[in-house]
Amino acid sequence: MTWSYATHYTCDGCSKVYELNVPINTCPDCGGLLETHYDLDTMKQELSPRQFAGRTTSMWRWHEFYPLRDEAHMVSLGEGGTPLIPSVYAGKKLGLSRLYFKNDALMPTGSFKDRGFSLAISFAKELGLTRGLTYSSGNAGASFAAYSRRAGFEPTVLVEYLANPLKKAIISLYGAKTATLYFDSMTEITDMLEQAVKRLGLYQFVNFINPVRHEAMKAYAYEISETLGWKAPDVMVHPIGTGGGIWGAWKGFCELAQLGWIDAVPRMVGVQPEATGPIVRAFNQGLKQAERHGDATKTIAQSIAADAPIQGGERVLRAIYDSRGFAEAVPDEAIMQAMQWLGCEGICAEPASAASLAALKQAVERGLVRSDETVVCVITGSGLKQPYAIEKSVPDSPLQLHASYEELEKLLGKVWQ
Ligand SMILES: *Cc1c(COP(=O)(O)O)cnc(C)c1O
Ligand SMILES: [Zn+2]
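Just so it is clear, the structure is predicted and the values come from calculations on it, not from any experiment.

Q: Could you clarify how one ought to interpret the site of ligand 1 in this entry?
A: In the vicinity of ligand 1 there are 16 residues, among which K113, N139, G241, G243 and T380 approach most closely. At 2.8 Å from an oxygen atom of ligand 1 is found a main-chain nitrogen or oxygen belonging to G241. Protein contact buries 95% of the 380 Å² of open area that ligand 1 shows by itself. At the level of elements, α8 (244-259) and α12 (351-365) are the ones that each hand at least two residues to the shell around ligand 1.

Q: Explanation requested: the pattern of salt bridges in the structure shown.
A: Charged atoms that come close allow side chains of opposite charge to pair. Tallying each qualifying case throughout the model produces 20 salt bridges. Ionic pairing is found between R292 and D307, a salt bridge with its closest N-O pair at 3.8 Å. A residue pair is termed long-range when its members are at least 10 positions apart, and R292 in the loop between α9 (278-284) and α10 (314-322) and D307 in the loop between α9 and α10 qualify at 15 residues. The salt bridge involving K298 is made with D295; its shortest N-O contact spans 3.0 Å. Judged by relative accessible area, K298 falls into the exposed class, the value being 57%. Connected through salt bridges with shared partners, the residues E35, E215, K218, K251 and E255 form a single ionic network.

Q: What am I meant to see in the nonpolar core here?
A: Side chains of nonpolar character tend, in soluble globular proteins, to be buried together. Formed by 121 residues in total, the largest nonpolar core has its most connected members in F101, F205, L357 and L360. The leading source of residues in this core is α12, at nine residues. Residues within four places of L357 in sequence aside, it is in contact with A90, L94, F101, A338, W341, L342 and C377. Among the nonpolar cores identified, the runner-up in size contains 11 residues, and L133, M186, A306 and A308 belong to it.

Q: What is the right way to read the UniProt feature "domain: Tryptophan synthase beta chain-like PALP" (unreviewed entry) in the protein from this model?
A: If you check UniProt for "domain: Tryptophan synthase beta chain-like PALP" (unreviewed entry), the listed places come out as residues 75-381 in our numbering. The span residues 75-381 shows a helical share of 40% and a strand share of 16%, and its end C-alpha atoms are spaced 21 Å apart.

Q: Looking at this structure, how should I read the UniProt feature "modified residue: N6-(pyridoxal phosphate)lysine" (unreviewed entry) in the protein?
A: On the UniProt side, "modified residue: N6-(pyridoxal phosphate)lysine" (unreviewed entry) is annotated at positions that read K113 here. Mapped onto the secondary structure, K113 falls in helix α3 (residues 113-126). Assessed through its relative accessible area of 15%, K113 is described here as buried. When sequence neighbours within four positions are dropped, the list of residues in contact with K113 reads N139, A140, S143 and R213.

Q: So what exactly am I meant to see when it comes to the coordination of the zinc ion (ligand 2) here?
A: Ideal values differ by geometry: the angle at a metal is 109.5 degrees with four tetrahedral donors, but 90 or 180 degrees with six octahedral donors. Ligation of the zinc ion (ligand 2) by protein atoms is provided by C11 (SG), C14 (SG), C27 (SG) and C30 (SG), these donors lying 2.3 Å from the ion. Here the zinc ion (ligand 2) is ringed by four donor atoms whose angles at the metal span 95 to 117 degrees, and the overall shape comes out tetrahedral.

Q: Help me understand the environment of A338 in this model?
A: Relative to the elements of secondary structure, A338 occurs in helix α11 (residues 332-343). Using a relative accessible area of 4% as the deciding quantity, one classes A338 as buried. Distance in space between the C-alpha atoms of A338 and R267 is 21 Å, their sequence separation being 71 residues. Those residues within four positions of A338 in sequence are excluded, and the remaining contacts are A354, L357 and A358.

Q: Whenever I open this one, the pairing of strand β3 (residues 34-38) confuses me. Can you help?
A: Counted residue by residue, β3 has four buried out of five residues, so it is predominantly covered. For strand β1 (residues 6-11) and β3, the ladder comprises five bridges, and the chain directions are antiparallel. Each bridged residue has a counterpart across the sheet, and for T10 the counterpart in β3 is E35.

Q: In this structure, what is going on with a nonpolar patch on the surface? I would like to understand it.
A: The grouping of L399, V415 and W416 at the surface amounts to a nonpolar patch, some 350 Å² of accessible area in total. Within the element layout of this structure, V415 appears in helix α14 (residues 405-416).

Q: Could you clarify how one ought to interpret the sheet that holds strand β6 (residues 131-136) in this entry?
A: Two orientations exist for strands paired in a sheet by backbone hydrogen bonds: parallel and antiparallel. Here we have three strands laid out as an open sheet, ordered β6-β7-β8, and parallel in their pairing. With partners counted over all chains shown, the strands left at the sheet margins are β6 and β8 (177-181), one partner each. Direction aside, neighbouring strands of the sheet carry axes that sit 20 degrees apart on average. In this structure, β6 lies alongside strand β7 (residues 154-160), joined through six bridges in parallel fashion.

Q: I would appreciate a short explanation of helix α6 (residues 186-200) in the present structure.
A: An α-helical turn contains 3.6 residues, so a residue and the one three or four places further along point in the same direction. Its 15 residues place the ends of α6 21 Å apart at the C-alpha level, agreeing with the 21 Å of an ideal helix rising 1.5 Å per residue. Turning to α6, its buried residues number three or more, namely M186, I189, T190, L193, A196 and V197. Taken down its axis, α6 places every buried residue within 120 degrees of arc, on the same side. Away from its buried face by more than 90 degrees, α6 exposes K198 and R199. Of the surrounding secondary structure, the elements contacted by the buried residues of α6 are β6 and β8. Two residues or fewer past α6, G201 is found with a positive phi of approximately 65 degrees.

Q: Which parts of the structure should I look at to understand the packing of aromatic side chains?
A: The description of an aromatic ring pair rests on the distance of the ring centres and on the angle between the ring planes. What the rule picks out here adds up to 18 aromatic pairs. Aromatic pair F65 and W261: ring centres 6.1 Å apart, planes at 80 degrees, arrangement edge-to-face. Of this pair, F65 sits in the loop between α1 (40-46) and β4 (84-86) while W261 sits in the loop between α8 and β10 (267-273); the two residues are 196 residues apart in sequence, bridging distant segments of the chain. For F65, a relative accessible area of 0% corresponds to the buried category. The buried category is assigned to W261, whose relative accessible area is 9%. Summarising the aromatic geometry, the rings of Y161 and F183 are spaced 5.5 Å apart at their centres and angled 65 degrees between planes, so their arrangement reads as edge-to-face. Taken together, the residues Y161 in the loop between β7 and α5 (165-173) and F183 in the loop between β8 and α6 connect sequence positions 22 residues apart. In this structure F183 comes out as buried when scored by relative accessible area, which is 11%.

What counts and how
- Residues numbered from 1 in each chain as written.
- Chains lettered and ligands numbered in written order.
- Predicted model: local features only at pLDDT ≥ 70, side-chain atom pairs only at ≥ 80, totals over all residues.
- Heavy atoms only, no water.
- Near = heavy atom within 4 Å.
- Polar contact = N/O pair within 3.5 Å; in protein donor to acceptor, adjacent residues only side chain to side chain.
- Areas by Shrake-Rupley, 256 points an atom, 1.4 Å probe, with all protein chains shown as cover.
- Helix = DSSP H or I, 4+ residues; strand = E, 2+ residues; numbered from the N terminus.
- Salt bridge = Lys/Arg side-chain N within 4 Å of Asp/Glu carboxyl O.
- Buried < 20%, exposed > 50% of the residue type's maximum accessible area, 1.4 Å probe, protein only.
- Core = buried A, V, L, I, M, F, W, Y, C linked by side-chain atoms within 4.5 Å.
- Contact = heavy atoms within 4.5 Å.
- UniProt positions renumbered as here; feature names shortened; annotations may be inferred.
- Donors = N, O, S within 2.8 Å, 3.2 Å for Na, K, Ca; no water.
- Tetrahedral: all angles 85-135°; square planar, octahedral: opposite > 155°, others 65-115°.
- Pairing = 2+ DSSP bridges.
- Patch = residues over 30% accessible without salt bridge, like charges linked within 9 Å, V, L, I, M, F, W, Y side chains within 5 Å.
- Axes fitted to C-alpha atoms, helices over the stretch in contact; angles between N-to-C directions.
- Expected span 1.5 Å × (residues − 1).
- Arc of directions from axis to C-beta.
- Phe/Tyr/Trp six-rings, centres within 6.5 Å; stacked < 30°, edge-to-face > 60°.

Structure follows, in C-alpha coordinates:
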(Lines give C-alpha, C1' and ligand atoms only; values in the text may rest on other atoms or scores of the structure.)
(Ligands and ions follow the chains in the order given, each with its own letter.)
Protein backbone atom coordinates (compact mmCIF):
# COMPACT_ATOMS: atom_id res chain seq x y z
CA MET A 1 0.00 0.00 0.00
CA THR A 2 1.30 3.40 -0.95
CA TRP A 3 0.83 5.93 1.85
CA SER A 4 1.31 8.95 -0.46
CA TYR A 5 1.20 9.36 -4.23
CA ALA A 6 2.89 12.77 -4.16
CA THR A 7 5.81 12.99 -6.56
CA HIS A 8 7.44 16.45 -6.76
CA TYR A 9 7.02 20.22 -6.70
CA THR A 10 6.92 22.49 -9.71
CA CYS A 11 7.37 26.26 -9.63
CA ASP A 12 4.39 28.40 -10.72
CA GLY A 13 6.82 30.95 -12.13
CA CYS A 14 9.51 29.05 -14.08
CA SER A 15 8.16 25.46 -14.05
CA LYS A 16 11.38 24.06 -12.50
CA VAL A 17 10.94 20.72 -10.75
CA TYR A 18 12.00 20.13 -7.11
CA GLU A 19 12.16 17.13 -4.79
CA LEU A 20 9.64 16.97 -1.95
CA ASN A 21 12.09 15.91 0.74
CA VAL A 22 13.97 19.22 1.02
CA PRO A 23 12.89 22.11 3.27
CA ILE A 24 12.23 24.76 0.62
CA ASN A 25 9.40 27.27 0.64
CA THR A 26 9.36 29.13 -2.67
CA CYS A 27 11.38 28.53 -5.84
CA PRO A 28 15.08 29.07 -5.00
CA ASP A 29 15.57 30.37 -8.54
CA CYS A 30 12.72 32.80 -9.20
CA GLY A 31 10.78 33.01 -5.91
CA GLY A 32 7.62 31.54 -7.47
CA LEU A 33 5.14 29.46 -5.46
CA LEU A 34 5.65 25.71 -5.42
CA GLU A 35 2.90 23.27 -6.26
CA THR A 36 2.78 19.64 -5.17
CA HIS A 37 2.06 17.03 -7.86
CA TYR A 38 0.75 13.47 -7.61
CA ASP A 39 0.88 10.36 -9.73
CA LEU A 40 -2.79 10.57 -10.68
CA ASP A 41 -2.47 7.91 -13.40
CA THR A 42 -1.34 5.28 -10.91
CA MET A 43 -3.90 6.51 -8.38
CA LYS A 44 -6.60 5.99 -11.00
CA GLN A 45 -5.50 2.37 -11.42
CA GLU A 46 -4.90 1.54 -7.76
CA LEU A 47 -7.54 3.50 -5.81
CA SER A 48 -11.30 3.61 -5.79
CA PRO A 49 -13.77 5.66 -3.72
CA ARG A 50 -15.06 2.52 -2.00
CA GLN A 51 -11.84 1.76 -0.16
CA PHE A 52 -12.02 4.93 1.92
CA ALA A 53 -15.27 3.98 3.60
CA GLY A 54 -13.97 2.23 6.70
CA ARG A 55 -11.22 4.72 7.56
CA THR A 56 -10.85 7.51 10.12
CA THR A 57 -13.28 10.39 9.57
CA SER A 58 -10.46 12.96 9.94
CA MET A 59 -8.86 14.53 6.88
CA TRP A 60 -6.19 11.81 7.07
CA ARG A 61 -8.80 9.51 5.60
CA TRP A 62 -7.37 10.82 2.29
CA HIS A 63 -3.66 10.45 3.07
CA GLU A 64 -2.80 9.25 -0.45
CA PHE A 65 -3.61 12.78 -1.63
CA TYR A 66 -1.05 14.52 0.62
CA PRO A 67 2.77 14.75 0.44
CA LEU A 68 3.47 13.15 3.84
CA ARG A 69 5.39 9.90 3.23
CA ASP A 70 5.38 8.17 6.62
CA GLU A 71 2.32 7.81 8.83
CA ALA A 72 4.60 7.92 11.88
CA HIS A 73 5.08 11.66 11.36
CA MET A 74 1.38 12.46 11.31
CA VAL A 75 0.33 15.10 13.86
CA SER A 76 -3.43 14.94 14.24
CA LEU A 77 -6.15 16.20 16.56
CA GLY A 78 -8.99 14.70 14.54
CA GLU A 79 -9.28 17.66 12.11
CA GLY A 80 -11.52 17.53 9.04
CA GLY A 81 -14.46 15.22 8.43
CA THR A 82 -16.80 17.96 9.64
CA PRO A 83 -20.54 17.65 8.98
CA LEU A 84 -22.23 18.88 5.81
CA ILE A 85 -25.37 20.36 7.33
CA PRO A 86 -28.51 20.83 5.19
CA SER A 87 -30.02 24.29 5.66
CA VAL A 88 -33.34 24.56 7.52
CA TYR A 89 -33.63 28.37 7.53
CA ALA A 90 -31.51 30.35 5.06
CA GLY A 91 -32.38 28.01 2.17
CA LYS A 92 -36.09 28.81 2.59
CA LYS A 93 -35.39 32.53 2.83
CA LEU A 94 -33.36 32.41 -0.37
CA GLY A 95 -35.57 29.93 -2.22
CA LEU A 96 -32.76 27.37 -2.48
CA SER A 97 -33.77 23.74 -2.09
CA ARG A 98 -30.26 22.28 -1.75
CA LEU A 99 -28.21 24.54 0.46
CA TYR A 100 -25.59 23.04 2.81
CA PHE A 101 -23.10 24.36 5.34
CA LYS A 102 -19.72 22.68 5.72
CA ASN A 103 -19.22 23.39 9.38
CA ASP A 104 -15.52 23.79 10.09
CA ALA A 105 -16.35 25.83 13.19
CA LEU A 106 -16.19 22.37 14.83
CA MET A 107 -12.47 21.94 14.23
CA PRO A 108 -10.05 21.26 17.14
CA THR A 109 -8.96 24.90 17.53
CA GLY A 110 -12.20 26.34 16.15
CA SER A 111 -11.24 27.08 12.54
CA PHE A 112 -10.49 25.38 9.23
CA LYS A 113 -6.83 26.38 9.60
CA ASP A 114 -6.38 23.08 11.47
CA ARG A 115 -6.54 21.19 8.20
CA GLY A 116 -3.54 23.03 6.77
CA PHE A 117 -1.47 23.01 9.92
CA SER A 118 -2.03 19.34 10.66
CA LEU A 119 -0.45 18.64 7.29
CA ALA A 120 2.21 21.39 7.31
CA ILE A 121 3.45 20.50 10.80
CA SER A 122 3.45 16.75 10.05
CA PHE A 123 5.41 17.43 6.88
CA ALA A 124 7.87 19.70 8.71
CA LYS A 125 8.39 16.95 11.28
CA GLU A 126 9.14 14.54 8.47
CA LEU A 127 11.73 17.01 7.15
CA GLY A 128 13.38 17.00 10.58
CA LEU A 129 12.53 20.62 11.47
CA THR A 130 11.99 21.67 15.09
CA ARG A 131 11.17 25.36 14.93
CA GLY A 132 8.58 27.48 13.27
CA LEU A 133 7.35 30.99 12.76
CA THR A 134 4.14 32.35 11.32
CA TYR A 135 2.02 35.47 11.44
CA SER A 136 -1.69 35.48 12.00
CA SER A 137 -4.86 37.49 12.34
CA GLY A 138 -5.80 34.97 15.03
CA ASN A 139 -6.93 31.59 13.77
CA ALA A 140 -3.82 30.48 11.90
CA GLY A 141 -1.67 31.28 14.94
CA ALA A 142 -3.81 29.20 17.28
CA SER A 143 -3.78 26.27 14.93
CA PHE A 144 -0.06 26.55 14.22
CA ALA A 145 0.70 26.76 17.95
CA ALA A 146 -1.44 23.76 18.88
CA TYR A 147 -0.02 21.47 16.21
CA SER A 148 3.55 22.70 16.76
CA ARG A 149 3.36 21.88 20.44
CA ARG A 150 2.04 18.42 19.73
CA ALA A 151 4.96 17.89 17.35
CA GLY A 152 7.41 19.10 19.99
CA PHE A 153 8.29 22.30 18.09
CA GLU A 154 8.79 25.75 19.56
CA PRO A 155 6.20 27.95 17.87
CA THR A 156 6.60 31.71 17.49
CA VAL A 157 3.59 33.68 16.27
CA LEU A 158 3.53 37.29 15.13
CA VAL A 159 -0.03 38.37 15.85
CA GLU A 160 -1.51 41.17 13.74
CA TYR A 161 -2.37 44.21 15.84
CA LEU A 162 -5.93 43.96 14.50
CA ALA A 163 -6.50 40.52 16.02
CA ASN A 164 -8.95 40.48 18.89
CA PRO A 165 -7.40 39.98 22.36
CA LEU A 166 -9.11 36.64 22.93
CA LYS A 167 -7.55 35.15 19.80
CA LYS A 168 -4.13 36.36 20.87
CA ALA A 169 -4.64 34.83 24.33
CA ILE A 170 -5.64 31.50 22.79
CA ILE A 171 -2.41 31.46 20.79
CA SER A 172 -0.46 31.90 24.03
CA LEU A 173 -2.61 29.28 25.72
CA TYR A 174 -1.41 26.75 23.14
CA GLY A 175 2.12 27.55 24.24
CA ALA A 176 3.41 29.86 21.52
CA LYS A 177 5.71 32.82 22.02
CA THR A 178 3.77 35.77 20.62
CA ALA A 179 4.52 39.32 19.55
CA THR A 180 2.13 41.97 18.27
CA LEU A 181 2.84 42.80 14.64
CA TYR A 182 2.25 46.30 13.27
CA PHE A 183 2.24 46.99 9.53
CA ASP A 184 0.78 49.29 6.90
CA SER A 185 0.07 46.63 4.30
CA MET A 186 0.37 42.87 4.06
CA THR A 187 3.01 43.42 1.39
CA GLU A 188 5.40 44.45 4.17
CA ILE A 189 4.78 41.21 6.03
CA THR A 190 5.31 39.09 2.95
CA ASP A 191 8.55 40.93 2.12
CA MET A 192 9.80 40.54 5.69
CA LEU A 193 9.15 36.80 5.68
CA GLU A 194 10.53 36.23 2.20
CA GLN A 195 13.78 37.83 3.38
CA ALA A 196 13.79 35.66 6.50
CA VAL A 197 13.56 32.63 4.24
CA LYS A 198 16.43 33.85 2.07
CA ARG A 199 18.79 35.11 4.75
CA LEU A 200 18.12 32.85 7.74
CA GLY A 201 17.03 29.80 5.82
CA LEU A 202 13.98 29.85 8.07
CA TYR A 203 11.33 27.36 6.99
CA GLN A 204 7.98 29.08 6.68
CA PHE A 205 4.42 28.20 7.49
CA VAL A 206 2.68 31.30 6.13
CA ASN A 207 -0.12 30.49 3.66
CA PHE A 208 1.04 29.86 0.06
CA ILE A 209 4.69 30.44 1.03
CA ASN A 210 4.45 27.03 2.67
CA PRO A 211 4.22 24.67 -0.29
CA VAL A 212 2.16 21.92 1.35
CA ARG A 213 -0.22 23.59 3.79
CA HIS A 214 -3.08 24.14 1.39
CA GLU A 215 -2.90 20.61 0.00
CA ALA A 216 -4.99 19.75 3.06
CA MET A 217 -7.80 22.00 1.82
CA LYS A 218 -8.34 19.53 -1.02
CA ALA A 219 -10.15 17.40 1.53
CA TYR A 220 -13.15 19.75 1.23
CA ALA A 221 -13.65 18.29 -2.24
CA TYR A 222 -13.21 14.68 -1.11
CA GLU A 223 -15.42 14.98 1.98
CA ILE A 224 -18.24 16.91 0.33
CA SER A 225 -18.26 14.77 -2.83
CA GLU A 226 -18.31 11.58 -0.76
CA THR A 227 -21.19 12.85 1.41
CA LEU A 228 -23.18 13.81 -1.71
CA GLY A 229 -22.73 10.29 -3.15
CA TRP A 230 -19.62 11.05 -5.23
CA LYS A 231 -21.14 14.09 -6.81
CA ALA A 232 -19.72 17.60 -6.58
CA PRO A 233 -21.99 20.49 -5.60
CA ASP A 234 -22.84 23.04 -8.30
CA VAL A 235 -21.54 25.97 -6.28
CA MET A 236 -18.95 26.29 -3.49
CA VAL A 237 -18.88 29.57 -1.56
CA HIS A 238 -15.61 30.34 0.26
CA PRO A 239 -14.66 33.37 2.31
CA ILE A 240 -11.17 34.30 1.11
CA GLY A 241 -8.26 36.04 2.77
CA THR A 242 -5.20 34.83 0.92
CA GLY A 243 -7.34 32.21 -0.78
CA GLY A 244 -5.70 28.97 0.35
CA GLY A 245 -9.06 27.42 1.18
CA ILE A 246 -10.72 28.07 -2.17
CA TRP A 247 -7.58 27.18 -4.13
CA GLY A 248 -7.12 23.89 -2.28
CA ALA A 249 -10.77 22.89 -2.58
CA TRP A 250 -10.66 23.62 -6.32
CA LYS A 251 -7.52 21.51 -6.73
CA GLY A 252 -9.28 18.67 -4.90
CA PHE A 253 -12.30 18.79 -7.22
CA CYS A 254 -10.03 18.84 -10.28
CA GLU A 255 -8.20 15.74 -9.01
CA LEU A 256 -11.46 13.88 -8.42
CA ALA A 257 -12.60 14.77 -11.93
CA GLN A 258 -9.28 13.52 -13.36
CA LEU A 259 -9.65 10.27 -11.42
CA GLY A 260 -13.17 9.96 -12.81
CA TRP A 261 -14.74 9.85 -9.34
CA ILE A 262 -17.00 12.85 -10.05
CA ASP A 263 -18.31 13.91 -13.45
CA ALA A 264 -18.63 17.67 -12.99
CA VAL A 265 -16.84 20.32 -10.94
CA PRO A 266 -18.42 23.20 -8.99
CA ARG A 267 -18.32 26.93 -9.70
CA MET A 268 -16.03 28.43 -7.06
CA VAL A 269 -17.20 31.66 -5.44
CA GLY A 270 -14.73 33.84 -3.54
CA VAL A 271 -16.00 36.24 -0.89
CA GLN A 272 -14.25 39.27 0.59
CA PRO A 273 -15.37 42.23 2.71
CA GLU A 274 -16.32 45.38 0.83
CA ALA A 275 -13.72 47.32 2.85
CA THR A 276 -10.85 45.29 1.43
CA GLY A 277 -11.49 43.05 -1.54
CA PRO A 278 -8.50 42.99 -3.89
CA ILE A 279 -9.52 39.68 -5.46
CA VAL A 280 -13.09 40.80 -6.05
CA ARG A 281 -11.86 44.00 -7.66
CA ALA A 282 -9.46 42.13 -9.93
CA PHE A 283 -12.20 39.67 -10.88
CA ASN A 284 -14.62 42.47 -11.75
CA GLN A 285 -11.95 44.00 -13.98
CA GLY A 286 -11.15 40.64 -15.59
CA LEU A 287 -7.52 40.75 -14.42
CA LYS A 288 -5.18 37.81 -13.82
CA GLN A 289 -3.43 39.54 -10.92
CA ALA A 290 -4.79 41.58 -8.04
CA GLU A 291 -3.19 44.71 -6.69
CA ARG A 292 -3.13 45.85 -3.10
CA HIS A 293 -6.55 47.30 -2.30
CA GLY A 294 -8.68 48.48 0.61
CA ASP A 295 -8.31 49.04 4.34
CA ALA A 296 -8.17 45.96 6.57
CA THR A 297 -9.13 47.94 9.68
CA LYS A 298 -12.56 48.80 8.26
CA THR A 299 -14.39 45.45 8.60
CA ILE A 300 -15.45 43.07 11.37
CA ALA A 301 -14.47 40.15 9.15
CA GLN A 302 -10.90 40.15 10.50
CA SER A 303 -9.96 36.72 9.21
CA ILE A 304 -10.54 37.72 5.58
CA ALA A 305 -9.33 41.31 5.82
CA ALA A 306 -6.37 40.86 3.47
CA ASP A 307 -5.42 43.86 1.36
CA ALA A 308 -2.52 42.40 -0.61
CA PRO A 309 -2.85 38.91 -2.08
CA ILE A 310 0.26 36.72 -2.09
CA GLN A 311 1.91 36.90 -5.54
CA GLY A 312 -1.02 38.85 -6.87
CA GLY A 313 -3.60 36.23 -5.97
CA GLU A 314 -2.95 34.56 -9.33
CA ARG A 315 -3.75 31.10 -8.03
CA VAL A 316 -7.00 32.25 -6.46
CA LEU A 317 -8.17 34.13 -9.53
CA ARG A 318 -7.30 31.13 -11.70
CA ALA A 319 -9.49 28.88 -9.52
CA ILE A 320 -12.39 31.31 -9.88
CA TYR A 321 -11.99 31.79 -13.66
CA ASP A 322 -11.28 28.12 -14.48
CA SER A 323 -14.35 26.99 -12.54
CA ARG A 324 -16.56 29.67 -14.18
CA GLY A 325 -17.21 31.01 -10.71
CA PHE A 326 -17.34 34.58 -9.50
CA ALA A 327 -16.33 36.87 -6.64
CA GLU A 328 -18.54 38.89 -4.29
CA ALA A 329 -17.77 41.72 -1.89
CA VAL A 330 -20.04 42.01 1.14
CA PRO A 331 -20.63 44.90 3.58
CA ASP A 332 -20.43 44.38 7.35
CA GLU A 333 -24.22 44.83 7.79
CA ALA A 334 -24.88 41.89 5.47
CA ILE A 335 -22.31 39.82 7.38
CA MET A 336 -24.02 40.54 10.69
CA GLN A 337 -27.40 39.57 9.28
CA ALA A 338 -25.88 36.33 7.96
CA MET A 339 -24.49 35.60 11.45
CA GLN A 340 -28.07 35.77 12.78
CA TRP A 341 -29.37 33.56 9.98
CA LEU A 342 -26.68 30.99 10.75
CA GLY A 343 -27.69 31.17 14.40
CA CYS A 344 -31.15 30.00 13.26
CA GLU A 345 -29.41 27.03 11.61
CA GLY A 346 -27.73 26.10 14.91
CA ILE A 347 -24.37 27.38 13.69
CA CYS A 348 -22.26 29.96 15.54
CA ALA A 349 -19.96 31.43 12.90
CA GLU A 350 -17.39 34.18 13.10
CA PRO A 351 -18.00 37.17 10.83
CA ALA A 352 -15.50 36.03 8.18
CA SER A 353 -17.37 32.74 7.86
CA ALA A 354 -20.83 34.29 7.80
CA ALA A 355 -19.59 36.32 4.84
CA SER A 356 -20.13 33.22 2.69
CA LEU A 357 -23.87 33.22 3.38
CA ALA A 358 -24.07 37.00 2.98
CA ALA A 359 -22.46 36.65 -0.45
CA LEU A 360 -24.78 33.83 -1.44
CA LYS A 361 -27.77 36.04 -0.66
CA GLN A 362 -26.36 38.73 -2.95
CA ALA A 363 -25.61 36.19 -5.66
CA VAL A 364 -29.16 34.80 -5.55
CA GLU A 365 -30.55 38.33 -5.82
CA ARG A 366 -28.31 38.91 -8.83
CA GLY A 367 -29.53 35.71 -10.47
CA LEU A 368 -26.12 34.01 -10.34
CA VAL A 369 -27.38 30.89 -8.52
CA ARG A 370 -30.46 28.87 -9.52
CA SER A 371 -32.98 27.59 -6.97
CA ASP A 372 -32.41 23.88 -7.67
CA GLU A 373 -28.62 24.02 -7.57
CA THR A 374 -26.63 22.29 -4.86
CA VAL A 375 -24.77 24.99 -2.96
CA VAL A 376 -22.22 24.63 -0.14
CA CYS A 377 -21.24 27.57 2.06
CA VAL A 378 -18.02 26.90 3.91
CA ILE A 379 -18.19 27.93 7.58
CA THR A 380 -14.51 28.49 8.21
CA GLY A 381 -14.42 29.42 11.89
CA SER A 382 -16.30 29.55 15.17
CA GLY A 383 -18.04 32.68 16.39
CA LEU A 384 -16.97 31.82 19.92
CA LYS A 385 -13.53 33.19 19.11
CA GLN A 386 -14.90 36.60 18.23
CA PRO A 387 -17.58 37.06 20.91
CA TYR A 388 -17.66 40.85 20.62
CA ALA A 389 -18.87 40.52 17.06
CA ILE A 390 -21.76 38.37 18.26
CA GLU A 391 -22.74 40.99 20.85
CA LYS A 392 -22.61 43.56 18.08
CA SER A 393 -24.71 41.64 15.57
CA VAL A 394 -27.50 40.48 17.90
CA PRO A 395 -29.52 43.00 19.97
CA ASP A 396 -29.66 42.27 23.72
CA SER A 397 -33.17 41.49 25.03
CA PRO A 398 -34.55 44.20 27.33
CA LEU A 399 -37.06 41.77 28.92
CA GLN A 400 -36.63 41.04 32.65
CA LEU A 401 -38.43 39.18 35.40
CA HIS A 402 -38.11 37.99 38.99
CA ALA A 403 -38.58 34.28 39.54
CA SER A 404 -42.32 33.95 40.25
CA TYR A 405 -45.04 32.19 38.29
CA GLU A 406 -47.10 35.41 37.94
CA GLU A 407 -44.19 37.26 36.37
CA LEU A 408 -43.41 34.33 34.09
CA GLU A 409 -47.00 34.24 32.87
CA LYS A 410 -46.88 37.98 32.15
CA LEU A 411 -43.57 37.62 30.32
CA LEU A 412 -44.76 34.74 28.15
CA GLY A 413 -47.81 36.81 27.29
CA LYS A 414 -45.42 39.38 25.84
CA VAL A 415 -43.08 36.89 24.17
CA TRP A 416 -45.78 34.77 22.57
CA GLN A 417 -48.19 37.52 21.54
C1 LIG B 1 -7.97 32.29 7.51
C2 LIG B 1 -9.43 32.35 7.47
C3 LIG B 1 -10.12 32.59 6.28
C4 LIG B 1 -9.43 32.86 4.98
O5 LIG B 1 -8.73 31.76 4.51
P6 LIG B 1 -7.72 31.84 3.29
O7 LIG B 1 -7.25 30.47 3.09
O8 LIG B 1 -6.64 32.80 3.71
O9 LIG B 1 -8.47 32.39 2.14
C10 LIG B 1 -11.50 32.57 6.30
N11 LIG B 1 -12.18 32.37 7.45
C12 LIG B 1 -11.56 32.14 8.62
C13 LIG B 1 -12.37 31.93 9.86
C14 LIG B 1 -10.16 32.12 8.68
O15 LIG B 1 -9.55 31.90 9.84
ZN1 LIG C 1 10.83 29.30 -10.27
